[in-house]
Amino acid sequence: MFDSAYYERLKRLKLAIEKKSTASLVGSRKSSRKGSSAEFSDFREYMPGDDMRSIDWNAYARLDRLYIKEYMEEKESSVSIFLDTSLSMTYMGKDELMKDLAAALSYIALVNMDQVKVYDLADIGNPYNASGGKASFTTLLKKLDTIGFDGSSDIYKGVRQSGRLMPGMTIILSDFMSEDFMPGTDTMSLLLKYLKFMKQDTVILHILAKEELDIELVGTYNLIDMENEDDKVKVTMDRRNILEYKKRLEEFTGSLSQDCKRFGASYHICDTGRSFDRIIFEDMRELYD
């Protein structure tokens, strides 16, 4: 998918996950538990059974009481990636951009010893789990290659049915081409509220085709809904209608962006016409430490 030089560049990145991990496996995140890493956390009074090697003898000399040095334990964090595999995602390369983004973000997480779960929203009960470093990345790529696109996806229902999410980061990749996410609806707010309750740093990657963002069609067309062939509309693309479309598109993306801002989530439009390099290293730079 990427060449070795590109993987080396990705390796320098680290997802900025603020939620403290409570995972049981060793990683590179600071856990809410106390452990024996090199980073100092706090002092507490000595209790029978504590390791005598952790006693701070300088504090004892000053205070005439025994204190133990505590350190932050390093644990892996959880990164959950939800993929919208509805048929609309096959339009003008949105599916390929989504897979590339999922692969790149998974690689960044794995090389930093985070746990990754990839969910197909059309098959929510069978997520793919990857952990233990980049050794598991090849198998994850094979999983991404097998994903198919058909019908429609209920994003909110799928996320709710995914089960208990460990504190960490949730990334949702979709074109959000559903009545559920249009301006005036509350689905995005409900989704973000739920993920905030589940202690997630939420990232919304709104994948749109260049042709959806920059209309170049001129003339009269019969448009057919990719996910419902019975839903058809005849439209004439003239200057007035193109301006109206752009206005509605701005309202659509603006509404999603405002919901994300309200709930502390990150929102990014990912354009198939933009270079992947700029999307990963420039547009999404706020996602990294």
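Here the structure is shown first, and the text comes after it.
Residues numbered from 1 in each chain as written. Predicted model: local features only at pLDDT ≥ 70, side-chain atom pairs only at ≥ 80, totals over all residues. Heavy atoms only, no water.

**As for the sheet that holds strand S5 (residues 128–130)**
Strand-to-strand pairing in sheets goes through backbone hydrogen bonds, with the strands running parallel or antiparallel.
Next, step 1: Spatially, the six strands line up as an open sheet ordered S5-S4-S3-S6-S7-S10, and their pairing is mixed. The open sheet terminates on both sides in strands that have one partner only, identified here as S5 and strand S10 (266–271). Averaged over all pairs of adjacent strands, the angle between strand axes in this sheet comes to 15 degrees, irrespective of strand direction.
Next, step 2: Here strand S6 (residues 168–174) pairs with strand S7 (residues 200–208) via seven bridges, running parallel. In the sheet register, Ser174 faces S7, and the bridge partner there is His206.
Next, step 3: The strands that helix H3 (residues 94–111) touches are strand S3 (78–83), strand S4 (115–120), S5, S6, S7 and S10; relative to S7, the one it contacts most, it runs at about 150 degrees. (Pairing = 2+ DSSP bridges. Helix = DSSP H or I, 4+ residues; strand = E, 2+ residues; numbered from the N terminus. Axes fitted to C-alpha atoms, helices over the stretch in contact; angles between N-to-C directions. Contact = heavy atoms within 4.5 Å.)

**Points about the packing of aromatic side chains**
Next, step 1: If you walk through the whole model with that rule in mind, you get 10 aromatic pairs.
Next, step 2: Here the aromatic rings of Phe2 and Tyr6 are separated by 5.2 Å at their centres, their planes lie at 25 degrees, and the arrangement is stacked.
Next, step 3: Take Tyr6: its relative accessible area is 13%, and that puts it in the buried class.
Next, step 4: On the basis of an interplanar angle of 10 degrees and a centroid distance of 4.4 Å, the ring pair of Phe82 and Tyr119 is categorised as stacked. Here Tyr119 lies in strand S4 and Phe82 lies in strand S3, a separation of 37 residues in the sequence.
Next, step 5: Overall, the relative accessible area of 2% leaves Tyr119 in the buried class.
Next, step 6: Through a chain of ring-to-ring contacts, three or more aromatic side chains come together here, namely Phe2, Tyr6, Tyr7, Tyr107, Phe137, Phe276 and Phe281.
Next, step 7: Cation over ring: Arg9 sits above Phe281, and NZ or CZ is 4.1 Å from the ring centre. (Phe/Tyr/Trp six-rings, centres within 6.5 Å; stacked < 30°, edge-to-face > 60°. Buried < 20%, exposed > 50% of the residue type's maximum accessible area, 1.4 Å probe, protein only. Lys NZ or Arg CZ within 6 Å of the ring centre and 35° of its normal.)

**With respect to the pattern of salt bridges**
Next, step 1: For the structure shown, the criterion picks out eight salt bridges.
Next, step 2: Between Lys11 and Glu8 there is a salt bridge, with the nearest N and O atoms lying 3.1 Å from each other. You can see Lys11 and its partner Glu8 sitting in helix H1 (residues 4–11), three residues apart, about one turn around the helix.
Next, step 3: The class of Glu8 is partly exposed, set by a relative accessible area of 41%.
Next, step 4: With its nearest N and O atoms 3.1 Å apart, the salt bridge here joins Arg262 to Asp259. One end of the pair, Arg262, and the other, Asp259, are both in helix H8 (residues 239–262), three residues apart, so they sit about a helical turn from each other.
Next, step 5: Assessed through its relative accessible area of 53%, Arg262 is described here as exposed.
Next, step 6: Residue classification places Asp259 among the buried residues on the basis of a relative accessible area of 10%.
Next, step 7: One network of salt bridges, in which partners are shared, links Lys94, Asp175 and Glu212. (Salt bridge = Lys/Arg side-chain N within 4 Å of Asp/Glu carboxyl O.)

**A few points about helix H9 (residues 276–283)**
Next, step 1: All of the buried residues in H9 are Phe276, Ile279, Ile280 and Phe281. Buried residues of H9 fall within an arc of 160 degrees about the axis and therefore sit on the same side.
Next, step 2: Considering only its buried residues, H9 is in contact with H1, H3 and S10. (Arc of directions from axis to C-beta.)

**Structural notes on the packing of H1 against H3**
Next, step 1: Where H1 contacts H3, the axes come no closer than 9 Å and their chain directions differ by 60 degrees. Taken as axis vectors, H1 and H3 run oblique relative to one another. As H1 runs across H3, the sense of the crossing is right-handed. Side by side, H1 and H3 meet where Tyr7, Leu10 and Lys11 of the first sit next to Ala104, Tyr107, Ile108 and Val111 of the second.
Next, step 2: Split by residue class, the contact of H1 with H3 holds six nonpolar, no polar and one charged. (Parallel < 35°, antiparallel > 145°, perpendicular 65-115°, else oblique. Left-handed = near helix turned anticlockwise from the far one by under 90°. Nonpolar A, V, L, I, M, F, W, Y, C, P; charged D, E, K, R; others polar.)

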